[in-house]
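# Examining the three-dimensional arrangement
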Amino acid sequence: MDNYQTGTFEKQFHNNTITIHYKQLDLKTSEILSYLNPKEFNIYCKNGCPNHSQKWTCPPNCPTFENYSKDYSIVSLYLFYTSPHQFEKNDDKALYSYNFIKEELQTYLRKIEPANGKMIAANSCELCSTCGLALGKECHIPEKMRYNLVAFGFNVSKIMTDLFQHELQWASKDQIPDFVSSVGAILKK
């Protein structure tokens, strides 16, 4: 599939001008279901993520994607990516740039979220310093709480490869990737 829109824009960040590349694609909500496998992918959350069962937006607390998206016919996917080599920070440049790009995507998605639509976040909820769940309470601001693709159980790497022709790159101790990437979405009526 190659019917996505592409572009770039620049963002001032500290003393640098950072170039951000994006791809955007609209699909019928039913067309993304082939990338959904919560049984497989929620195991990764359970075994590798400190947010598992610690946030209302993370497994096992999030709803099924089918239930969450039942009132929406379109899913607009957004991929943002950038080069870590644009950042001055020398220690863990890959993580630093990844946090930057996911926050840029998150901010963008919140900004364009339509009144009759719903954002699917680029990462786990970070609206509160401590989630109400960790305090034994309900969500502090449920009207702003949003789930993410990974929490629903989507294979985000396969979404990037199949739908955006974009290979996910991983950092290692000795190598900084050429780019870091983040994916989110908007559900629309």
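Rules and cut-offs
For every chain, the first residue of its written sequence is number 1, and the numbers climb from 1 along that sequence. Under the rules for a predicted model, residues below a pLDDT of 70 receive no local features and side-chain atom pairs below 80 are neither given nor counted, while totals for whole chains, interfaces and linings still include all residues. Only hydrogens and water are removed before side-chain values are computed, so all heavy atoms of the structure are retained for them. Each reported salt bridge corresponds to a side-chain nitrogen of Lys or Arg within 4 Å of a carboxyl oxygen of Asp or Glu. Strands here mean DSSP runs of E at least two residues long; helices mean DSSP runs of H or I at least four residues long; both are numbered from the N terminus. Definitions used for this entry: grid spacing 1 Å over protein atoms alone; cavity, a set of points where a 1.4 Å probe fits but cannot get out; pocket, an open set with protein on both sides within 12 Å along at least 5 of 7 lines; lining residue, one with an atom within 4 Å of a point. Grid points are joined across faces, edges and corners, and a volume is the space filled by probe spheres set on the points. Each residue is assigned to one of three groups, with Ala, Val, Leu, Ile, Met, Phe, Trp, Tyr, Cys and Pro labelled nonpolar, Asp, Glu, Lys and Arg labelled charged, and all others, Gly among them, labelled polar. Here's how the labels work: a residue is buried when its accessible area is under 20% of the maximum for its type, exposed when over 50%, partly exposed in between, all with a 1.4 Å probe on protein chains only. Definition of a polar contact: a pair of N or O atoms within 3.5 Å, with one able to donate and the other able to accept a hydrogen when the atoms are protein atoms, and with sequence-neighbouring residues admitted only if both atoms are side-chain atoms. Residues are treated as being in contact if the distance between any of their heavy atoms lies within 4.5 Å. Only buried residues count toward a nonpolar core. Its members are Ala, Val, Leu, Ile, Met, Phe, Trp, Tyr and Cys residues joined through side-chain atoms within 4.5 Å. At least two bridges found by DSSP between two strands is the condition for calling them paired. Any helix carries an expected span of 1.5 Å times its number of residues minus one. Helix axes are fitted to C-alpha atoms over the stretch in contact, other axes to C-alpha atoms as well, and angles between N-to-C directions run from 0 to 180 degrees.

## Side note on the pattern of salt bridges
A complete count under the given rule lists four salt bridges for this structure. As a salt-bridge pair, Glu-126 and Lys-102 come within 3.6 Å of each other at their nearest N and O atoms. Taken as a pair, Glu-126 in the loop between strand S4 (118–120) and helix H4 (149–152) and Lys-102 in helix H3 (residues 93–112) lie far apart in primary sequence, 24 residues in all. Between Asp-162 and Lys-158 there is a salt bridge, with its nearest N and O atoms 3.0 Å apart. With a gap of four residues between them, Asp-162 and Lys-158 both fall in helix H5 (residues 156–164), about one helical turn apart.

## Here we look at the layout of surface pockets
Put simply, the largest pocket is a space of about 1,100 Å³. Looking at the largest pocket, it is lined by 37 residues, and the ones nearest its centre are Tyr-98, Ala-122, Val-150, Leu-168 and Trp-170. Split by residue class, the lining of the largest pocket holds 23 nonpolar, eleven polar and three charged. Roughly 170 Å³ of internal volume is contained in the second largest pocket. Lining the second largest pocket are 16 residues, with Lys-55, Cys-125, Cys-128, Thr-130 and Cys-131 sitting closest to its centre. Grouping the amino acids of the lining of the second largest pocket by side-chain chemistry returns nine nonpolar, five polar and two charged.

## Some words on the side chain of Ser-76
As for its position among the elements, Ser-76 is in strand S3 (residues 74–82). In this structure Ser-76 comes out as buried when scored by relative accessible area, which is 0%. Of the polar contacts made by the side chain of Ser-76, one reaches the side chain of Asp-26; its length is 2.4 Å. Once residues within four sequence positions are removed from consideration, Ser-76 is found in contact with Gln-24, Leu-25, Asp-26, Gly-184, Ala-185, Ile-186 and Lys-188.

## Here we look at the nonpolar core
Of all hydrophobic cores here, the largest spans 31 residues; its most connected members are Ile-32, Phe-65, Leu-77, Ile-120, Phe-152 and Phe-154. Among the elements that take part in this core, H5 stands out by supplying five residues, more than any other. Among all residues touching Phe-152, those that are not within four sequence positions of it are Leu-36, Pro-38, Asn-42, Cys-62, Pro-63, Thr-64, Phe-65, Tyr-68, Ile-120 and Tyr-147. Among the nonpolar cores identified, the runner-up in size contains 14 residues, and Ile-20, Tyr-78, Leu-109 and Ala-122 belong to it.

## Regarding the pairing of S3
On any regular strand, side chains alternate: one points to one face of the sheet, the next to the other face. Summarising burial for S3: eight of the nine residues are buried, a large majority. In this sheet, S3 lies alongside strand S2 (residues 16–28) in antiparallel orientation, the contact comprising eight bridges. Within the sheet, the bridge partner assigned to Gln-24 lies in S3 and is Tyr-78. Pairing geometry for S3 and strand S5 (residues 180–188), over nine bridges, is antiparallel. By the bridge assignment for S5, Val-75 is matched with Leu-187.

## Details of H3
For H3, which comprises 20 residues, the first-to-last C-alpha distance of 29 Å matches the rise-based estimate of 28 Å (1.5 Å per residue) to within 8%. Of all the positions in H3, only Lys-93, Ala-94, Ser-97, Phe-100, Ile-101, Lys-102, Glu-104, Leu-105, Gln-106 and Leu-109 are classed as buried. Tucked inside the fold, the buried residues of H3 contact strand S1 (5–13), S2, S3, S4 and S5.

## Things to note about the sheet that holds S5
If you trace the five strands from one edge of the open sheet to the other, you get S1-S2-S3-S5-S4, paired in antiparallel fashion. The sheet terminates laterally at S1 and S4, the two strands that pair on one side only. Neighbour-to-neighbour, the strand axes of this sheet turn through a mean angle of 25 degrees, independent of strand direction. Across the sheet, H3 lies against S1, S2, S3, S4 and S5, angled at about 15 degrees from S5, the strand it touches most.

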